[in-house]
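Structural characterization, general
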Amino acid sequence: MNTQRFDAALMLCVLIGLVAVPSGIIAAYRHDNAWVAAGMGVLAVTVIAAVLTARARDKAIDQAVLDRLGGRQYDPSEDLATDLGIRPGTLRLSLHRLRTRRDA
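Every value quoted in this text rests on a predicted model; they were computed, and no experiment measured them.

A separate point is the nonpolar core. The biggest cluster of nonpolar side chains holds 11 residues, and these are Ile61, Ala64, Val65, Leu69, Leu80, Ala81, Leu84, Ile86, Leu91, Leu95 and Leu98. For this core, the secondary structure elements donating two or more residues are α2 (33-69), α3 (78-84) and α4 (88-103).

For the rest of this paragraph, the subject is the pattern of salt bridges. Applying the stated criterion across every chain yields a total of 5 salt bridges. Between Arg97 and Asp58 there is a salt bridge whose closest N-O contact spans 3.8 Å. Taken together, the residues span a long stretch of sequence, with Arg97 in helix α4 and Asp58 in helix α2 at a distance of 39 residues. Linking Arg101 and Asp62 is a salt bridge whose minimum nitrogen-to-oxygen distance equals 3.1 Å. Of this pair, Arg101 sits in helix α4 while Asp62 sits in helix α2, and the two are 39 residues apart along the sequence.

Glancing now at the environment of Leu66. The topology assignment puts Leu66 in helix α2. Distance in space between the C-alpha atoms of Leu66 and Ser94 is 9.4 Å, their sequence separation being 28 residues.

About the criteria used
Residues numbered from 1 in each chain as written. Predicted model: local features only at pLDDT ≥ 70, side-chain atom pairs only at ≥ 80, totals over all residues. Heavy atoms only, no water. Core = buried A, V, L, I, M, F, W, Y, C linked by side-chain atoms within 4.5 Å. Buried < 20%, exposed > 50% of the residue type's maximum accessible area, 1.4 Å probe, protein only. Helix = DSSP H or I, 4+ residues; strand = E, 2+ residues; numbered from the N terminus. Salt bridge = Lys/Arg side-chain N within 4 Å of Asp/Glu carboxyl O.

Set out below in structure tokens:
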């Protein structure tokens, strides 16, 4: 499971946010309302993009776990996490999401 593109997208959102916030603060200090609105608008869009990217990453990990398990019950183990290239905590979280989704 390769999550590098999701990680890169999240980092891009963070970098854009790091530029938007100081720009908005400087514009507010200078009483330039148009630039304040633009900076806050960019920040809002980046937050939404970060949330959507994180959800897409979770969905991709859940699908990779489902594909690997093949519908079998499985105890969380570091071997499966290593095979998928994810952290054991991420695997446990994915298994929990899959169990609660199936039970609902």
